[in-house]
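Remarks on the overall topology
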Amino acid sequence: MSPPRRERRKADPALSDPERLYVITGAPDGERAALDLVTMVVAQAEPSPMVQPEQAAILRLCKAPLSVAEISAYLSLPFSVVTSLLTELLATELVESRAPVVRASLPDRSLLEAVMHGLQKL
């Protein structure tokens with residue numbers, strides 16, 4: 001007896017429809033927020049009835065911090081569409097974003113060890 005075969009999910013054609021994506025994002029009316037794939041986003045409020053369904057989904061997802069890449073994957077929307085939606089949410093202060101911590105900005109390991117040894121000697 002052969003093991004069951006796993007079938008790949010087929011992409012929903014309605015999700016990648018360019019007209020639908022244009023309606024979601026609206027006409028570009030300004031600059032987008034400086035977000036990249038690893039920018040962390042967290043919701044500051046519950047979704048109100050006035051926000052778009054996709055924005056409400058972002059607010060529900062981001063009760064705990066998520067990266068923009070994760071949001072894009074969970075909603076099956078392109079990165080550019082998610083950044084457009086997040087720009088609107090950031091402008092209305094419904095979400096807060098934080099750039100990732102750059103490794104170079106962390107203190108040097110030898111400095112941390114010296115501080116630790118100094119504290120142990122106290």
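Residues numbered from 1 in each chain as written. Predicted model: local features only at pLDDT ≥ 70, side-chain atom pairs only at ≥ 80, totals over all residues. Heavy atoms only, no water.

Quick look at the sheet that holds strand E1 (residues 40-43)
Heads up, the condition is: Two strands pair under a simple rule: DSSP has to find at least two bridges between them. For the purposes of this entry, the term helix denotes a DSSP run of H or I that reaches at least four residues, the term strand denotes a run of E that reaches at least two, and both are numbered from the N terminus. Contacts were defined at the residue level, with two residues in contact if any of their heavy atoms lie within 4.5 Å. To obtain an axis, a line is fitted to C-alpha atoms, over the contacting stretch when the element is a helix, and the angle between two such axes runs from 0 to 180 degrees between their N-to-C directions.
Strand order in the open sheet formed by 3 strands is E2-E1-E3, with antiparallel pairing between adjacent strands. Each end of this open sheet is capped by a strand with a single partner; those strands are strand E2 (66-67) and strand E3 (95-98). Taken together, the 4 bridges between E1 and E3 define a ladder with antiparallel strand orientation. By the bridge assignment, Val 42 is partnered in E3 with Glu 96. Packed onto the sheet, helix H4 (residues 79-91) meets E1 and E3 and runs at close to 110° relative to E3.

Section: the nonpolar core
The nonpolar side chains of a soluble globular protein tend to be buried with one another. Note the threshold: By convention a nonpolar core is built from buried Ala, Val, Leu, Ile, Met, Phe, Trp, Tyr and Cys residues, the set being connected through side-chain atoms within 4.5 Å. For each residue, the accessible area found with a 1.4 Å probe, counting protein chains only, is set against the maximum for its type, and the residue is called buried under 20%, exposed over 50%, and partly exposed in between.
The biggest cluster of nonpolar side chains holds 21 residues, and the ones touching the most others in it are Val 41, Ile 58, Cys 62, Ile 71, Leu 86 and Leu 89. Elements with a contribution of two residues or more to this core: E1, helix H2 (53-61), helix H3 (68-75) and H4. Other than its neighbours up to four places away in sequence, Ile 71 contacts Val 41, Ile 58, Cys 62, Leu 66, Val 82 and Leu 86.

Some points on the pattern of salt bridges
A side chain with one charge may pair with a side chain of the opposite charge, provided their charged atoms come close. What counts here: Salt bridge, as used here, is a side-chain nitrogen of Lys or Arg placed within 4 Å of a carboxyl oxygen of Asp or Glu.
A full pass over the atoms with the stated rule returns 1 salt bridge. Residue Glu 113 is joined to Arg 109 by a salt bridge in which the shortest nitrogen-to-oxygen separation is 3.1 Å. You can see Glu 113 and its partner Arg 109 sitting in helix H5 (residues 109-121), 4 residues apart, about one turn around the helix. Among the residues examined, Arg 109 registers a relative accessible area of 63% and is labelled exposed.

A look at unusual backbone geometry
The backbone phi angle of Ser 76 is positive, close to 55°, even though this residue is not glycine. Along the chain, Ser 76 falls in the loop between H3 and H4. Residues other than glycine seldom take positive phi values, yet Glu 93 does so here, at roughly 60°.

Observations concerning the packing of H2 against H4
Counted only if it meets this: Roughly parallel here means an angle under 35 degrees, roughly antiparallel means over 145, roughly perpendicular means 65 to 115, and every remaining angle is called oblique. Residue polarity is assigned by list, with Asp, Glu, Lys and Arg as charged and Ala, Val, Leu, Ile, Met, Phe, Trp, Tyr, Cys and Pro as nonpolar; anything else, Gly included, falls into the polar class.
It is at 10 Å that the axes of H2 and H4 come closest, and there the two elements cross at 75°. Between H2 and H4, the angle falls in the class roughly perpendicular. Each of Glu 54, Gln 55, Ile 58 and Leu 59 in H2 lies in contact with H4, whose residues at this interface are Leu 85, Leu 86, Glu 88 and Leu 89. When grouped by side-chain class, the residues that make up the contact of H2 with H4 number 5 nonpolar, 1 polar and 2 charged.

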